[in-house]
Amino acid sequence: MKSNTTMSRKSVSLVGLVLLCCHASLTEQRLQGIFKDPKEPIDERVKDLLGKMNLEEKVGQMTQIERKNASAEVLKSYFIGSVLSGGGSTPKVNATVKEWVDMVNGMQQASLSTRLGIPMIYGIDAVHGHNNVMNATIFPHNVGLGVTRDPQLLKEIGAATALEVRATGIPYAFAPCIAVCRDPRWGRCYESYSEDHRIVQQLTEIINGLQGEAKTDMKGMPYVNGKTKVAGSSKHYVGDGGTVRGINENNTIVDDSALYGMHMAAYVNSVAKGIATIMASYSSINGVKMHAHKQLLTDYLKGKLGFKGFIISDWEGIDRITSPAHSNYSYSIQASINAGIDMVMVPYNYTEFYDGLIDLVKKKAIPMSRIDDAVSRILRVKFAMGLFENPLGDYSLINEVGSQKHRELARQAVRKSLVLLKNGKPGNPPILPLPKNAGKIVVAGSHANNLGYQCGGWTIEWQGVSGNNWTAGTTILDGIKATVDKRTKVVYKKKPSDTYSSKGKMDYGIVVVGEVPYAETNGDSQNLTIPAPGPAVIENVCKETKCVVIIVSGRPVVIEPYVDKIDALVAAWLPGSEGQGVADVLFGDYGFTGKLARTWFKRVDQLPMNYGDPKYDPLFPFGFGLETKPIPSTKKPEL
């Protein structure tokens, strides 16, 4: 017979086991809770989940790191809330769509394995299509889309972009840029639709394509409708297009009328459409860095406008609160978070940010209420986009990237974004549209057969690329060859000699020249000239031949010295991957319809010069654009 002592011990052990099981069960129930139930109101889910989080988990949610750092160990150890691809940051060179999905899903699995299983949100710049991804559809940059003044087209482009982004497993796009570019010397001017805020406001319709169309004013609540849509980010808040001399990240000196009436206007539209996130600008307003501007970030955007999504910093944006950058990082963390930044695009020094923010909270330099507000906003977006229910990328969407339907849409956008600035010399008949059955056409210039050049910056690489081997698409030369009669001889000369015209006996010359790709500060220019040998090519081809000059650029450039020598002049902006759209209009399958959404200056010493200014003396005014009719026998049905 066993002793009573032995039996007592067993009883105690059994009771302990039962209590342990009960505790585990209760813990599991507590962790499940309301936040797991998609039928519960979003703010109830936010409140429930926030109550379960410790400080380390909250700070992790506020941290966005570059994908190069995002190992499973880092994601789990620091409870990272978001990962991004910087410009040109890909799983590997020439990564396939499946490899993108594999990468994002692998990271997500790590996030889901944390204590609370909060999914991370992966973000990427998709500013004119899914521009980091090989073989994606590259749409014209915003400077060209502004010309169309076509909100429905922008909505369709937004939807196509969202679908291609989702096809790579990514649910968050840093777009649209709704800057009002007031000075073309700015290196980001091509990311702006227009110098006129009313056009920019119209074209916030792209948000309804990216995120899905909310049926009513969202009253500031984030809105993302389903697995084929993405969370968007209106940027760069606010006034980034108005800096002194167009210098990137510089100071915008502005009165309340211009700030709220012009630069702020499209943010009001964005909030009404349910934009999920807003990105702060590197620039300053009247000397105050936007990343530390509590009045505009918290009091106005979150308070007066009622924005309930989250504000994200730009890349190392909080570092640049100080000069030199990162010289007092603890201060930068404190100033930015207290001003209203909710998620920080770190992107590399995540341990410094994470530890620094925790330390500042423990020292009460940043109140816990500010942390809870930031995390609530981040969770609200994640719940609104269904990330908890569908955290993983969908492999069934893979074939949507670069689909023929999307390429046709991009081609349509190219046609509508072209502006005809001149068509025939004085006293002579127009030369456009060109006849398809001409005997011989010379196509010349550095941009005629360079897909990278016609796509511009933010394409495959951050600063853009040169050449035709980086991604899929059609060059302008390819488009011309595919459009003309089979008997027409098309000769390509990248840089014809000064005697080429007299020797060649050509019917027409088509010169395609312009800017080489750039992004951000690298694009800042105080002279805005066409790089050599562009001017010489114009001179050599147009000397004795009827010529059409096509300018491929991210903004108006200096062309006044050449205009008299040119028979026809076309602004093609940065048309993207579908160069066929240029040929469609040159040869009369479609007519020119585009109207300038930017003033085309004569000389750089006139800048800044915008429509309505007292001394307005442009080469081509805002709203200018000659039209042609399509040739009836060749016109193809509109999409």
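Since we're looking at a predicted model, the values are computed, not measured.

## Quick notes on the overall build of the chain
- Across its full length, the chain holds 22 helices and 17 strands.
- Principal-axis analysis of the C-alpha atoms gives the chain an extent of 120 × 55 × 45 Å.
- One finds the centroid of the 73 positive side-chain charges in the chain at a distance of 3 Å from the centroid of its 62 negative side-chain charges.

## Observations concerning the sheet that holds strand β11 (residues 344–345)
- Pairing is parallel in the open sheet, where five strands are placed in the order β4-β3-β2-β1-β11. Looking at strand neighbours, the two that pair on one side only are β4 (172–173) and β11, the edges of this open sheet.
- Here strand β1 (residues 63–66) pairs with β11 via two bridges, running parallel. Of the residues in β11, the one forming a bridge with Gln-64 is Met-345.
- Running over the sheet, helix α5 (residues 97–112) touches β2 (82–85) and β3 (121–124) and is turned about 140 degrees from β3.

## Observations concerning helix α7 (residues 151–167)
- For α7, with 17 residues, the first-to-last C-alpha span of 24 Å sits near the 24 Å given by 1.5 Å per residue.
- With twelve of 17 residues buried, α7 lies mostly within the body of the structure.
- When we look at burial in α7, the residues that qualify are Leu-153, Leu-154, Ile-157, Gly-158, Ala-160, Thr-161, Ala-162, Leu-163, Glu-164, Val-165, Arg-166 and Ala-167.
- Where α7 is buried, its residues contact α5, β3, α6 (142–148), α9 (206–211) and α16 (404–417).
- Just downstream of α7 lies Gly-169, where phi reads positive at about 85 degrees.

## Things to note about helix α18 (residues 476–483)
- Burial in α18 covers these residues: Ile-476, Leu-477, Gly-479, Ile-480 and Thr-483. All buried residues of α18 project into a common sector of 160 degrees when viewed along the axis, lining one side.
- The inward-facing, buried residues of α18 abut β13 (440–444), α17 (451–455), β14 (489–493), β15 (508–514), β16 (547–552) and α22 (580–586).

## A short note on empty space enclosed by the protein
- Following the criterion strictly, the structure yields six cavities of 30 Å³ or more and no others.
- Taken together, 18 residues form the lining of the largest cavity, with Ala-126, Val-127, His-128, Asn-142 and Ile-206 sitting closest to its centre.
- When contributions to the lining of the largest cavity are tallied by element, the ones reaching two or more residues are α6, α7 and α9.
- The class makeup of the residues in the lining of the largest cavity is twelve nonpolar, four polar and two charged.
- The calculated volume of the second largest cavity comes to roughly 80 Å³.
- Around the second largest cavity, the lining residues are Glu-57, Gln-61, Leu-75, Phe-79, Ile-80, Ser-111, Thr-114, Arg-115, Leu-116 and Ile-118.

## Things to note about the side chain of Asp-567
- As for its placement among the helices and strands, Asp-567 is situated in the loop between α21 (560–563) and β17 (568–571).
- For the buried Asp-567, no salt bridge is present, and the opposite-charge side chain at shortest range is Lys-425, 4.2 Å distant.
- Discounting chain neighbours no more than four positions away, the residues touching Asp-567 are Lys-422, Asn-423, Gly-424, Lys-425, Ile-431, Thr-545, Lys-546 and Cys-547.

## Some remarks on the nonpolar core
- Core analysis: the biggest nonpolar cluster contains 121 residues, and Leu-49, Val-83, Tyr-122, Tyr-237, Leu-296, Ile-333 and Leu-357 have the highest contact counts within it.
- The dominant element in this core, judged by the number of residues it contributes, is α7, at eight residues.
- Counting 68 residues, the second largest nonpolar core, distinct from the first, contains Val-419, Ala-438, Val-511 and Trp-573.

## A few points about the sheet that holds strand β12 (residues 419–423)
- Spatial ordering of the open sheet is given by β12-β17-β16-β15-β13-β14, a layout of six strands whose pairing is mixed. Whereas interior strands pair on both sides, the edge strands pair on one side only; in this sheet they are β12 and β14. The mean inter-strand angle of the sheet, taken between neighbouring strand axes irrespective of direction, is 15 degrees.
- The pairing of β13 with β15 spans four bridges and is classified as parallel. Residue pairing across strands places Ile-441 opposite Tyr-508, the latter belonging to β15.
- On top of the sheet, α18 reaches β13, β14, β15 and β16; it is set at about 165 degrees to β14, its chief contact.

## Describing unusual backbone geometry
- Cis geometry is found at the peptide bond from Tyr-237 to Val-238, where omega equals 0 degrees.
- Examined against the element boundaries, Val-238 turns out to sit in the loop between β5 (233–237) and β6 (251–252).
- Each neighbour pair has its own omega, and for Val-346 with Pro-347 the value is -15 degrees, a cis peptide bond.
- Looking at where Pro-347 falls in the secondary structure, it is placed in the loop between β11 and α14 (350–362).
- Residue Leu-528 is not a glycine yet carries a positive backbone phi of 55 degrees.
- Considering the arrangement of structural elements, one finds Leu-528 in the loop between β15 and α20 (534–542).

## What to know about the pairing of β13
- Of all five residues in β13, five are buried, a share of seventy percent or more.
- As paired strands, β13 and β14 are joined by five bridges and run parallel to one another. Residue pairing across strands places Lys-440 opposite Lys-489, the latter belonging to β14.

## A short note on the state of the cysteines
- Overall, the coordinates contain two disulfides when judged by the stated rule.
- Sulfur-sulfur distance for the disulfide between Cys-181 and Cys-189 comes to 2.1 Å. Measuring the twist about the S-S bond at about -105 degrees, one finds the Cys-181-Cys-189 disulfide to be left-handed.
- For Cys-542, the disulfide goes to Cys-547, at an S-S distance of 2.0 Å.

## Comments concerning the domain arrangement of the chain
- Splitting the chain by domain gives domain 1 (32–383) and domain 2 (417–618).
- Inter-centroid distance (C-alpha atoms) of domain 1 to domain 2 is 35 Å.
- The interface is formed by 44 residues belonging to domain 1 together with 44 residues belonging to domain 2.
- Of the roughly 3400 Å² buried between domain 1 and domain 2, counting both surfaces, carbon and sulfur atoms make up 50%.
- Interface area lost by domain 1 to domain 2 is led by Pro-184, Arg-185 and Glu-195, which between them contribute 21%.
- Applying the counting criterion to the domain 1 and domain 2 interface returns one salt bridge.
- One salt bridge connects Glu-520 with Arg-188, and the closest N-O pair in it is separated by 3.5 Å.

## What about the environment of Asp-617?
- Looking at the secondary structure, you find Asp-617 in the segment after α22.
- Considered as a pair, Asp-617 and Phe-601 are 16 residues apart in the sequence and their alpha carbons are 7.6 Å apart.
- In terms of polar contacts, Asp-617 uses its side chain to reach the side chain of Lys-602, at 2.9 Å.

## Digging into the side chain of Ser-192
- Here Ser-192 is to be found in the loop between β4 and α8 (197–202).
- Of the residues examined, Ser-192 reaches a relative accessible area of 0% and is grouped as buried.
- A distance of 3.1 Å separates a polar atom in the side chain of Ser-192 from the backbone nitrogen of Cys-181.
- Contact partners of Ser-192, with chain neighbours within four places excluded, come to Asn-142, Val-143, Ala-179, Val-180 and Cys-181.

Reading the values: the criteria
Residues numbered from 1 in each chain as written. Predicted model: local features only at pLDDT ≥ 70, side-chain atom pairs only at ≥ 80, totals over all residues. Heavy atoms only, no water. Helix = DSSP H or I, 4+ residues; strand = E, 2+ residues; numbered from the N terminus. Lys, Arg positive; Asp, Glu negative; His and termini not counted. Charge placed at Lys NZ, Arg CZ, Asp CG, Glu CD. Pairing = 2+ DSSP bridges. Contact = heavy atoms within 4.5 Å. Axes fitted to C-alpha atoms, helices over the stretch in contact; angles between N-to-C directions. Expected span 1.5 Å × (residues − 1). Buried < 20%, exposed > 50% of the residue type's maximum accessible area, 1.4 Å probe, protein only. Arc of directions from axis to C-beta. 1 Å grid on protein atoms, 1.4 Å probe; cavity = no way out; pocket = protein on both sides within 12 Å on 5 of 7 lines; lining within 4 Å. Points joined across faces, edges and corners; volume = space filled by probe spheres on them. Nonpolar A, V, L, I, M, F, W, Y, C, P; charged D, E, K, R; others polar. Salt bridge = Lys/Arg side-chain N within 4 Å of Asp/Glu carboxyl O. Core = buried A, V, L, I, M, F, W, Y, C linked by side-chain atoms within 4.5 Å. Disulfide = S-S within 2.5 Å. Domains from an automatic or database assignment. Buried area = accessible area lost by both parts, 1.4 Å probe. Polar contact = N/O pair within 3.5 Å; in protein donor to acceptor, adjacent residues only side chain to side chain.

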